[in-house]
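Spelled out from the first residue to the last, the chains are:
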Amino acid sequence: MLPTWPRISAFAGIIIAIFMILVSIYFTPHFIKSHISPDGIIEKSETILIINGCRLLTAIIGILTLLLSIIRPNFFYSVTNVLAQRSLKERTEQITLGKSHFSNKVISLLCCIIILGSLLRFYGLDNQSLWNDELASQFKSNQTNLSEVINIGVRHDVHPPGYHILLYFVEKYIGDSESVLRLPSAISGALSIFIIFLLGVRLYSYKEGLIASMLIAVSWCPIFYSQEARSYSLLLLFSLLATYFWIVLIKALDEESKLSCYSTVGYIIFSIILCYLHYFGLYLIGLQGLATLLFFILKRKKLIPIILVYFIIVIFYVPWLPIFWEHLHKATIHITQPTTVTFIHYLKFLFNRSFVLVSIVLILFFLLFYVNLIIFIKLRKYRTTRALVLSADLFLLLWLVIPFAGVFIESILSVSVFTTRNLIISLPAAYLLLSRSMTQFHFSSRKLATVSIVIACFLLFHLIYVMNYYSKAHKGQFREAVSYIVEKDRVYKDSLIVGWAWNKSFFDYYFQRNCSNRRVDILAGRENDISLLANAIRLKSPKYIWYVSGHRVPDIGFINFLNKELALVVQKQFVGAKVWLFKNKVFYEDI
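These numbers were taken from a predicted model, which means no experiment stands behind them. (Residues numbered from 1 in each chain as written. Predicted model: local features only at pLDDT ≥ 70, side-chain atom pairs only at ≥ 80, totals over all residues. Heavy atoms only, no water.)

*Asks:* Outline the overall build of the protein chain, listing residues and values.
*Replies:* Tallying secondary structure elements over the protein chain gives 25 helices and five strands in all. A burial count over the protein chain gives 53% of its 591 residues as buried. Nonlocal contacts in the protein chain, meaning residues at least 24 apart in sequence, comprise 78% of its contacts between residues at least 6 apart. (Helix = DSSP H or I, 4+ residues; strand = E, 2+ residues; numbered from the N terminus. Buried < 20%, exposed > 50% of the residue type's maximum accessible area, 1.4 Å probe, protein only. Contact = heavy atoms within 4.5 Å.)

In structure tokens form, the structure reads like this:
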């Protein structure tokens, strides 16, 4: 019988081989399905050829890995044992933040990464129309005072008021164009690049910090939400800030050091902001508080400052608790329940919605924790449970998995609250884990820089040419639909404008931006609204009727009524929106 570690090595190699073979079998149909346009034509056939090549290469590597694991079962162990020895030595010699000396080269690289990430976030900030959720943000914040922002804009929603209060001041003192409304998100996205670098240095070294900052600078997910007038980019930034100061507090308490007033106040302030930004921010702070209490439950002297810190946070959140209680009992019927493959879809969300990237990431994660297994069991680095729990790798794994698991269980057992964008609170953990996985190979600085640049170029290529991020509409085109009506309305005069969205102001915002005095006359789209539309046509007797929908699909019965009672002149399809022009049959003979 083989010794223990070669058997484990062979088993690990077989798992990786099977995973890669399954990826090669599953990926191409999945990719093709996701690239079929509404008319059934597959877009970018050359991209499909590239993916087929990747599929074949993945299958070959998987088969070779399987054969190698069977013929030389100790191969995988031999390689990872060397990595583990080097990793252990590196961790022993690791310099903590505050004692690190950043060379001019590191600072220059970080500045280049921040500049690149900022350009990707600020470029084309107004290229896309505001879509449904962004228009909702604009409406809720566009009130006469803060009291109305709370009572009219936020109270009937399921979000805390922090972001809408910020947007209220932006609209009041700067403006309400697309680029201005998205400006806070873009700034937050650029700042996140720097903060994740600091967090990477705090947990590991400047290498992991630079790679993580590079990943967050060029990846689709953080860029997309940096160009959206929603709270998610700020949620990411303050999750990073709160977690950074939380780690400082935990380490100070564990090392019997005196708590820094700067770090304590920083954690309290950023935690309060995070709780008021989004309920998933409150969820993250709650998890951090619970973890802190569990970790120091047997050390009563250390529980006193911990309880005091979270007591202050709760006190500042008390004014919002009554409305939070109301929101807690609101059902979110539009959110579907997660499934067994939801975690893979979550990772796809974090890594450019690419199954190939997710496959590579999972293999690297597997390698990282296999190395940690060797360190823990064979090399006995972590002699106590406390040392293991405080290890950066385990901390990041828990940060990635536990928020997901909690939401997953809640969504299965009760009301579904699972959306991938809300779990952006765990995005830094995934990027830092990938950064650590890359440095496990212990390349020279030059080789590691080369690999990082290649990955950054690949992510940029995927973002710009495969996802067509800057050249293709990927948000509901309310702006284009309204502009079409404004342009044609000069020809088709004497018209009634009927809209179908979650709020008529979503269209009216763009009528105003087009310097038009027209507005949506009535909001209708359900079969129950047929009588409302019929009465409006009878009373106003318009010659033409515009019907525009955005982010909502009208009932079939309602559309059948329009086609039956009115004469269709033209219809125009946009991304996430549609425009019809009908003529009143009273004037049919004039067509």
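Resuming the write-up.
*Asks:* Tell me about helix α8 (residues 178-203), residues and numbers included.
*Replies:* When the terminal C-alpha atoms of α8 are compared, their 37 Å separation across 26 residues agrees well with the 38 Å that a helix rising 1.5 Å per residue should span. The sharpest bend along α8 reaches about 40° and sits at Pro184. (Expected span 1.5 Å × (residues − 1). Bend = angle between axes of the 7 residues up to and from the residue.)

*Asks:* Can you lay out the packing of aromatic side chains for me, pointing to particular residues and giving the numbers?
*Replies:* When we look at a pair of aromatic rings, we describe it by the centre distance and by the angle of the planes. Going through the model one piece at a time under the given rule, you end up with 37 aromatic pairs. Summarising the aromatic geometry, the rings of Tyr267 and Tyr310 are spaced 5.9 Å apart at their centres and angled 75° between planes, so their arrangement reads as edge-to-face. Of the two residues, Tyr267 is situated in helix α12 (residues 261-277) and Tyr310 in helix α14 (residues 300-317); the sequence distance between them amounts to 43 residues. Take Tyr267: its relative accessible area is 0%, and that puts it in the buried class. Ring centres of Tyr547 and Phe558 lie 5.3 Å apart, and the angle between their planes is 40°; this geometry places the pair in the tilted category. Of the two residues, Tyr547 sits in strand β3 (residues 544-550) while Phe558 sits in helix α25 (residues 556-565), which places them eleven residues apart along the sequence. Here Tyr547 falls in the buried class, since its relative accessible area comes to 1%. Overall, Phe558 belongs to the buried group, its relative accessible area being 0%. The residue whose ring lies beneath Arg552 is Trp500, and the NZ or CZ to ring-centre distance is 3.9 Å. In this arrangement the basic side chain of Arg552 is found over the ring face of Trp502, its NZ or CZ atom lying 3.6 Å from the centre. (Phe/Tyr/Trp six-rings, centres within 6.5 Å; stacked < 30°, edge-to-face > 60°. Lys NZ or Arg CZ within 6 Å of the ring centre and 35° of its normal.)

*Asks:* So what's going on with a nonpolar patch on the surface? Which residues, and what values?
*Replies:* Together, Leu293, Ile307, Leu308, Phe311, Val314, Ile315, Phe316, Val318 and Leu321 give the surface a local cluster of nonpolar side chains, amounting to about 800 Å² of exposed area. At six residues, the largest contribution of residues to the nonpolar patch is made by α14. (Patch = residues over 30% accessible without salt bridge, like charges linked within 9 Å, V, L, I, M, F, W, Y side chains within 5 Å. Areas by Shrake-Rupley, 256 points an atom, 1.4 Å probe, with all protein chains shown as cover. Salt bridge = Lys/Arg side-chain N within 4 Å of Asp/Glu carboxyl O.)

*Asks:* How would you summarise the packing of helix α11 (residues 232-254) against α14 if you had to cite specific residues and measurements?
*Replies:* Put simply, α11 and α14 touch, their axes get as near as 10 Å, and they point 160° apart. Considering their axes alone, α11 and α14 lie roughly antiparallel with respect to each other. Considering the relative orientation of α11 and α14, their crossing is right-handed. Between α11, through Trp246, Leu253 and Asp254, and α14, the contact on the second element is made entirely by Lys302, Pro305, Ile306 and Tyr310. Of the residues contributing to the contact of α11 with α14, the split by class is five nonpolar, no polar and two charged. (Axes fitted to C-alpha atoms, helices over the stretch in contact; angles between N-to-C directions. Parallel < 35°, antiparallel > 145°, perpendicular 65-115°, else oblique. Left-handed = near helix turned anticlockwise from the far one by under 90°. Nonpolar A, V, L, I, M, F, W, Y, C, P; charged D, E, K, R; others polar.)

*Asks:* Quick rundown of unusual backbone geometry? Include the residues and the values.
*Replies:* Its identity as a non-glycine residue notwithstanding, Asn468 has a phi of 55°, on the positive side. Position of Asn468 among the secondary structure elements: in the loop between α21 (445-466) and α22 (478-489). We note that Ser541 has phi near 45°; this positive angle belongs to a residue other than glycine. Counting through the fold element by element, Ser541 comes out in the loop between α24 (530-540) and β3. On the basis of relative accessibility, which here comes to 35%, the residue Ser541 falls in the partly exposed class.

*Asks:* Give a detailed account of the pattern of salt bridges, specifying residues and quantitative values.
*Replies:* This model, assessed by the stated rule, comprises 14 salt bridges. Linking Arg513 and Asp176 is a salt bridge whose minimum nitrogen-to-oxygen distance equals 3.4 Å. Taken together, the residues Arg513 in helix α23 (residues 505-513) and Asp176 in the loop between α7 (162-173) and α8 connect sequence positions 337 residues apart. Judged by relative accessible area, Asp176 falls into the partly exposed class, the value being 23%. The salt bridge involving Asp529 is made with Arg526; its shortest N-O contact spans 3.4 Å. Judged by its relative accessible area of 8%, Asp529 is buried. Looking at Arg526, the relative accessible area reads 43%, which means it is partly exposed. Salt bridges sharing partners connect three or more residues here, namely Glu134, Arg182, Glu228 and Lys475.

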